[in-house]
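Breakdown of the fold
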Amino acid sequence: MEIAQYDAIIIGAGISGMYQLHRLRGLGLSARVFEAGDDLGGTWYWNRYPGCRFDSESYSYGYSFSDDILREWDWSEHFAAQPETLRYLEFVAAKLDLRRDIQFGSRVESAAYDEEANLWEVLLADGRSARSRIVITAIGALSTPVLPAIEGIQSFRGPAIHTGLWPREPVEYAGRRVAVIGTGASGVQVIQEMAKVAAHLTVFQRTPNWCAPLHNSPIDAESQRRIHASYPEIFARCRETFGQFLHDSDRRNALDLSPEEREAVWEQLYAEPGFGIWMANFRDVLVSEEANRLLSNFVARKIRERVNDPALAEKLIPTDHGFGTRRVPLETNYYEVYNQENVRLVDLRDSPIQRITPDGIQTAAEDFAFDLIVFATGFDAVTGAFDRIEFRGAAGQTLKEAWADGPRTYLGLQVPGFPNLFTLVGPHNSATFCNIPRCIEQNVDWVSGLLAYAKERGITRIEASEKAADEWTEHVHAAAGRMLFSKVNSWFTGVNRNQPGHDQRRVLLYAGGAPAHRQRCDEVARDGYPGFLLR
Ligand code: NA7
């Protein structure tokens with residue numbers, strides 16, 4: 001059987017894979033996308049749990065590269081829900097005629113570089129294979145769901161579903177007894193939605209997170225008109241900010257202001273839609289313990305005001321980390337949910353889960369019976385999707401081996417020893433700490449620019465140098481070291497108690513800000529790609 005050969009293989013048909021395919025076509029390269037799912041959308045395909053929605057302003061999240069797409073699409077809410085986002089991606093795919101080059105139900109198992117042929121051989125789980133000069137991973141940073149390591153997990157009789165693997169068929173929860181394990185961004189969204197109609201909802205919380213109000217609302221006709229008229233300004237603003245959100249940090253330090261002055265700002269941010277309280281806050285609150293403590297006290301007071309039972313409020317207030325040092329879940333009446341008769345919080349610090357039983361969940365203190373268990377227990381973040389594909393580089397080493405002591409990349413986009421392999425949204429890339437499509441477009445544009453440069457010059461082999469990777473890795477580590485989040489266990493730092501070997505903090509994200517990453521990438525392009533061995 002003849003093996004299919006392409007100029008490039010893209011792994012994944014989410015937001016980054018879709019745009020990368022479009023750009024490769026523009027370069028006149030033949031490309032094939034292998035997508036594990038049965039349809040496109042990536043994150044928005046898999047995370048279809050009730051309540052799933054943006055925490056980014058919808059119009060700051062969509063693709064910016066096409067005026068037609070911008071003109072023809074209206075978002076219905078300031079923070080759109082998952083079904084709308086998936087419809088949007090389907091609209092984009094139709095508009096750009098992407099599907100004809102995407103092969104669904106095709107999970108990539110391995111990709112091995114053949115030095116002699118200067119080709120990658122990509123093997124799918126169903127045994128088929130294909131070859132290409134270039135491989136581009138578009139596999140996402142939060143795409144490998146992890147079930148909790150709890151005894152008896154397979155024994156439960158009812159549906160037991162991870163938020164990141166939610167089925168397409170409707171899951172009944174109205175009038176049912178529901179358990180949710182996990183209180184990260186996914187847990188918070190699913191809890192506040194299911195609490196509306198579940199007969200009874202039990203939340204199993206191991207660590208409370210600092211949440212803040214989303215303040216979502218529909219987009220009225222006048223706002224719609226204004227949004228369409230101001231797309232250039234919206235994207236220009238995003239380009240300037242640390243995380244490419246509409247919210248830009250306040251250049252002042254909280255500690256330089258009087259308590260009244262900073263409280264007034266915090267009141268305002270807490271009352272505003274979106275990530276302002278996290279991203280538009282004073283510049284010292286994510287780096288100074290003291291400033292962060294003051295902000296945390298402010299948010300704790302808000303939680304106490306919203307939860308009727310004072311003892312319960314204390315259980316919902318984090319004590320082991322400060323505000324914003326983990327991903328801040330944005331919420332709509334999340335805290336008020338705990339004032340409802342049909343909702344109960346089980347604090348696993350008092351009574352840990354011992355096992356899952358055919359009927360429900362058993363803690364050290366009690367037996368619970370459920371009709372449905374929701375695992376909102378998170379992902380093997382950032383490197384998880386890479387670890388599950390066997391990438392074998394020029395010297396026969398696997399990427400997993402190369403990253404055994406933590407990721408090592410150049411610009412978060414290329415790895416020494418793995419020629420012609422590009423890692424969109426990979427570790428040590430600003431995209432892992434970003435209003436992600438904004439960084440995705442930067443990643444894709446930059447990789448496409450390099451491929452165009454290579455094509456014009458007849459360059460067929462592109463590989464980051466060891467020295468460039470060492471320097472970038474050192475820079476990434478230094479940037480992370482300045483931030484308070486690097487001293488806290490979370491997916492930001494790669495700690496996952498459900499996975500063996502994931503108990504030590506690692507540097508996974510580039511915390512120097514997206515503008516700094518973009519600037520560095522632009523300089524490298526402008527100077528003819530120093531740090532790359534081009535042949
Ligand atoms: P997160 O943020 O990693 O949250 C996972 C949650 O699940 C967190 O509260 C965990 O508690 C909890 N968890 C995990 N395992 C267990 C066990 N075994 N028992 C009890 N509780 C457990 O994942 P999300 O899906 O919410 O969010 C991921 C990102 O997706 C989010 O940041 C957005 O950017 C989109 P822990 O804190 O470990 O004690």
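Residues numbered from 1 in each chain as written. Predicted model: local features only at pLDDT ≥ 70, side-chain atom pairs only at ≥ 80, totals over all residues. Heavy atoms only, no water.

Points about the packing of aromatic side chains
Applying the stated criterion across every chain yields a total of 42 aromatic pairs. Both rings, one in tyrosine 19 and one in phenylalanine 65, keep their centres 4.3 Å apart while their planes meet at 20 degrees; by these two values the pair is stacked. A residue pair is termed long-range when its members are at least 10 positions apart, and tyrosine 19 in helix α1 (residues 15-26) and phenylalanine 65 in the loop between α3 (58-61) and α4 (67-72) qualify at 46 residues. On the basis of relative accessibility, which here comes to 25%, the residue phenylalanine 65 falls in the partly exposed class. (Phe/Tyr/Trp six-rings, centres within 6.5 Å; stacked < 30°, edge-to-face > 60°. Helix = DSSP H or I, 4+ residues; strand = E, 2+ residues; numbered from the N terminus. Buried < 20%, exposed > 50% of the residue type's maximum accessible area, 1.4 Å probe, protein only.)

With respect to the pattern of salt bridges
Inspection of the entire model under this criterion finds 42 salt bridges. Between glutamate 336 and arginine 306 there is a salt bridge whose closest N-O contact spans 2.8 Å. Taken together, the positions of glutamate 336 in helix α13 (residues 334-337) and arginine 306 in helix α11 (residues 289-306) put the pair 30 residues apart, joining distant regions of the chain. Among the charged side chains, a salt-bridge network with shared partners connects Arg25, Asp97, Arg100 and Asp101. (Salt bridge = Lys/Arg side-chain N within 4 Å of Asp/Glu carboxyl O.)

Details of helix α16 (residues 436-457)
Compared with an ideal rise of 1.5 Å per residue, which puts 22 residues at 32 Å, α16 spans 32 Å between its outermost C-alpha atoms and is within 8% of the ideal. Downstream of α16 by one or two residues, glycine 458 has phi in the positive range, about 70 degrees. (Expected span 1.5 Å × (residues − 1).)

A short note on unusual backbone geometry
A positive phi is found at histidine 215, a non-glycine position, where the angle reads about 55 degrees. Topologically, histidine 215 is positioned in the loop between β10 (212-213) and α7 (221-229). According to the relative accessible area criterion, histidine 215 is partly exposed, its value standing at 34%. In this model, valine 382 sits at a positive phi of 65 degrees, which is unusual for a non-glycine residue. Relative to the helices and strands, valine 382 resides in the loop between β16 (372-375) and α14 (384-387).

Observations concerning the packing of α1 against α16
At a minimum axis separation of 10 Å, α1 and α16 run at an interaxial angle of 30 degrees. Compared by their axis directions, α1 and α16 come out roughly parallel. The handedness of the crossing between α1 and α16 is right-handed. Residues Ile15, Ser16, Tyr19, Gln20, Arg23 and Leu24 of α1 lie in contact with α16, whose contacting residues are Pro437, Ile440, Glu441, Val444, Asp445, Val447, Ser448 and Leu451. Class assignment of the residues belonging to the contact of α1 with α16 gives a composition of eight nonpolar, three polar and three charged. (Axes fitted to C-alpha atoms, helices over the stretch in contact; angles between N-to-C directions. Parallel < 35°, antiparallel > 145°, perpendicular 65-115°, else oblique. Left-handed = near helix turned anticlockwise from the far one by under 90°. Contact = heavy atoms within 4.5 Å. Nonpolar A, V, L, I, M, F, W, Y, C, P; charged D, E, K, R; others polar.)

Structural measurements only, silent on function.
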